[in-house]
Amino acid sequence: MTASAVLDEAAIARIQSRTVRTLAVGQVLGGIAFGATVSLGALLAKDITGQDALSGFATAFVTLGAAVAAIPLARLAARQGRRIALTLGNLLALIGIVIVISAASSATFWLFLIGVVLIGTGNAGNLQSRFAATDLATPARRGRELSVVVWATTVGAVAGPLLLGPGEALGRSLGMPVHTGSYLFSLAAQVAAFLLYIIALRPDPLRIAQQRDADAPATAVGASVDRPRVARYAIFAVAASHTVMASVMAMTPVHLQHMTMGDATVIVGITIAAHVAGMYGLSPVFGWLSDRFGRVAVILLGQLLLAGALVAAFVGSASHAGVLIALILLGLGWSAATVAGSTLLTEASSLERRPRRQGLSDSLMSLCAGVGAILAGLVLQAVEYRGLAVVALVLVIAVTAVSPFALRVRDPQA
């Protein structure tokens, strides 16, 4: 018997409502592990190796893990459903956290990188959650329900860095290595997320959507004219903006530690938490702006915010307040460019090419950010934090300079 014969629209609406709630809670839990890794990864890499130049490898490898896992997890979801893909991502992240703690205890850098990569695969699953929220959503509520899951990311990603202080105190009481205590909270959160998806994400929203689609084959309605030039610009804008954000953010904990000349754990936690709040907290606002004023206009607004962040980092590099302002603006600029750029990519791609281009965009943005984080460590060592801001500004200028190529094709949402 088919899904449509078993479930009426009211039943599907109830399943969708429960699915969104489950995904939102899962994002809170999953974000705690990612927030802790972003905050502490660079410091742990430096502790293990004793070299600032290698501190960027933490962010590089967590983004590498996300890039490598994105397509396999998406394919697994297509075959087995969202529940299996999301729980696998959580399980791999759980293993990664244990490996990171072990690597810190033994001061083994290669083992640390393996653990960080596995945590990155969990983040790839977190990113996939926003698509799971749309599987059974009606067209009228699709964007709103996706935004609920994205908004929930804020809670976990901000809570992770804010738990650094209590985590360090807990870790010291248990005799754990420095900068690993917070991972105990991450461990508990990942176990809770794993159990949540296994138990609560039933029935699987994607499997129901696939069954409904088989009963009523999709038509050409809703497909858009393919605009490859605009799509290429959208992919470039998202990847470049993500690279600017990740490279500067990855080096901020090391820079703050140098400024503080001591234990900078609490300052790092507050700064990264404010940055992550900027990344996710206003994403619905930027989505509304892109609907109202056009996708390219909001991408350019994102570049303006990123430029402001880099200027603040250059001018205020010797001040905790200056770095905090820079990181907040950095998060806001990333949010504007990513929300508008991802929407533009979807609208510029025909239905047939859309999934492939979206997968390419996600992988490319993660890979570029990973390389950028590695190079940022070398730049930080050579020309310090102010010099890193100047180098990152090149990408902002590039995205702005090539925007006329996308503006020449009329944006239907403008």
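Remember, predicted model here, so these are calculated numbers, not experimental data. (Residues numbered from 1 in each chain as written. Predicted model: local features only at pLDDT ≥ 70, side-chain atom pairs only at ≥ 80, totals over all residues. Heavy atoms only, no water.)

Things to note about empty space enclosed by the protein
Picture a little ball the size of a water molecule; that probe, rolled over the atoms, points out where space is still empty. As a reminder of what qualifies: Each cavity reported here is a set of points on a 1 Å grid over the protein atoms alone in which a 1.4 Å probe fits but cannot get out, each pocket an open set with protein on both sides within 12 Å along at least five of seven lines, and each lining residue one with an atom within 4 Å of a point. Grid points are joined across faces, edges and corners, and a volume is the space filled by probe spheres set on the points. Secondary structure follows DSSP: runs of H or I at least 4 residues long count as helices, runs of E at least 2 residues long count as strands, and numbering of each begins at the N terminus. Nonpolar residues are Ala, Val, Leu, Ile, Met, Phe, Trp, Tyr, Cys and Pro. Charged residues are Asp, Glu, Lys and Arg, and all others, Gly as well, are polar.
Taken as a whole and assessed by the stated rule, the structure comprises three cavities of 30 Å³ or more. One number sums up the size of the largest cavity: a volume of about 40 Å³. The set of elements that each furnish at least two residues to the lining of the largest cavity consists of helix H4 (82-106), helix H5 (109-132) and helix H8 (183-200). Partitioning the lining of the largest cavity into residue classes produces two nonpolar, seven polar and no charged.

A word on the side chain of glutamine 27
Selection rule: Here's how the labels work: a residue is buried when its accessible area is under 20% of the maximum for its type, exposed when over 50%, partly exposed in between, all with a 1.4 Å probe on protein chains only. In protein, a polar contact means a hydrogen-donor-capable atom and an acceptor-capable atom, both N or O and within 3.5 Å, with residues adjacent in sequence counting only if both atoms are side-chain atoms; elsewhere, any N or O pair within 3.5 Å suffices. We call two residues in contact when some of their heavy atoms are within 4.5 Å.
Of note, glutamine 27 is situated in helix H2 (residues 9-49). For glutamine 27, a relative accessible area of 4% gives the class buried. A distance of 3.3 Å separates a polar side-chain atom of glutamine 27 from the backbone oxygen of asparagine 126. In this view, glutamine 27 contacts Asn126, Ser129, Val149, Ala152, Thr153, Gly156 and Tyr197; residues no more than four positions away in its chain are not counted.

Brief notes about the packing of aromatic side chains
Two numbers describe a pair of aromatic rings. These are the distance of the centres and the angle of the planes. The following threshold applies: Between the rings of Phe, Tyr and Trp (Trp by its six-membered ring), a pair exists once the centres lie within 6.5 Å; its type follows the angle of the planes, with under 30 degrees stacked, over 60 edge-to-face, and the other angles tilted.
Using the criterion set out here, one finds three aromatic pairs in the structure. When the centroid spacing of 6.1 Å and the interplanar angle of 20 degrees are considered together, the rings of phenylalanine 109 and phenylalanine 112 count as stacked. Highlighted residues: phenylalanine 109 and phenylalanine 112, both in helix H5, separated by three residues, approximately one helical turn. We classify phenylalanine 109 as buried; its relative accessible area is 18%. For phenylalanine 112, a relative accessible area of 1% corresponds to the buried category. Judged by centre distance (5.7 Å) and plane angle (70 degrees), the ring pair of tyrosine 280 and tryptophan 334 falls under edge-to-face. Of this pair, tyrosine 280 sits in helix H11 (residues 265-280) while tryptophan 334 is found in helix H14 (residues 320-347), placing the two residues 54 residues apart along the sequence.

A look at the nonpolar core
To keep things clear, this is the line we draw: Think of a nonpolar core as a cluster: buried Ala, Val, Leu, Ile, Met, Phe, Trp, Tyr and Cys residues, connected wherever their side-chain atoms sit within 4.5 Å.
Formed by 36 residues in total, the largest nonpolar core has its most connected members in Val244, Val248, Leu310, Leu327, Leu330 and Tyr385. For this core, the secondary-structure elements that each account for two or more residues are helix H10 (228-260), H11, helix H13 (295-315), H14 and helix H15 (354-401). For valine 244, the residues in contact, after removing those within four places along its chain, are Leu306, Leu310, Leu330, Ala392, Leu395 and Val396. Counting residues in each nonpolar core, the second largest holds 21 residues, with Tyr233, Ile299, Leu345 and Ala406 among its members.

What to know about unusual backbone geometry
Cis geometry marks the peptide bond from arginine 202 to proline 203; its omega dihedral reads -10 degrees. Note on placement: proline 203 falls in the loop between H8 and helix H9 (205-215). Phi is positive for alanine 107, which is not a glycine, with a value near 55 degrees. Judged by relative accessible area, alanine 107 falls into the partly exposed class, the value being 48%. At glutamate 384, a position not held by glycine, the phi torsion is positive, near 70 degrees. Here glutamate 384 shows up in helix H15. We classify glutamate 384 as exposed; its relative accessible area is 57%.

Remarks on the packing of helix H3 (residues 57-80) against H4
Note the following rule: Angles here are taken between N-to-C directions and fall from 0 to 180 degrees, while the axes themselves are lines fitted to C-alpha atoms, restricted in helices to the stretch in contact.
Direction vectors running N to C along H3 and H4 enclose 145 degrees, while the axes themselves pass 7 Å from each other. Two secondary-structure elements touch here, H3 through Leu73, Leu76, Ala77 and Gln80 and H4 through Arg82, Ile84, Ala85 and Leu88. The residue inventory of the contact of H3 with H4, partitioned by class, reads six nonpolar, one polar and one charged.

Some remarks on the confidence of the model for the protein chain
Our working rule: pLDDT gives the predictor's per-residue confidence on a scale running from 0 to 100.
The predicted model of the protein chain has a mean per-residue pLDDT of 81, with 86% of residues at 70 or higher. A low-confidence stretch, residues 1-5 stays under pLDDT 50, and its non-local contacts, those more than four residues away or across chains, total seven contacts. pLDDT under 50 marks residues 218-224. Its contacts with residues more than four places away, or in other chains, come to eight contacts.

Re the layout of surface pockets
The space that makes up the second largest pocket amounts to roughly 190 Å³. Only H10 and H15 provide two or more residues apiece to the lining of the second largest pocket. Here the lining of the second largest pocket is composed, by residue class, of 10 nonpolar, three polar and no charged.

Some words on the environment of arginine 212
Within the element layout of this structure, arginine 212 appears in helix H9. Classification of arginine 212 by relative accessible area gives partly exposed; the value is 26%. For the pair arginine 212 and leucine 136, spaced 76 residues apart in sequence, the C-alpha separation works out to 9.7 Å.

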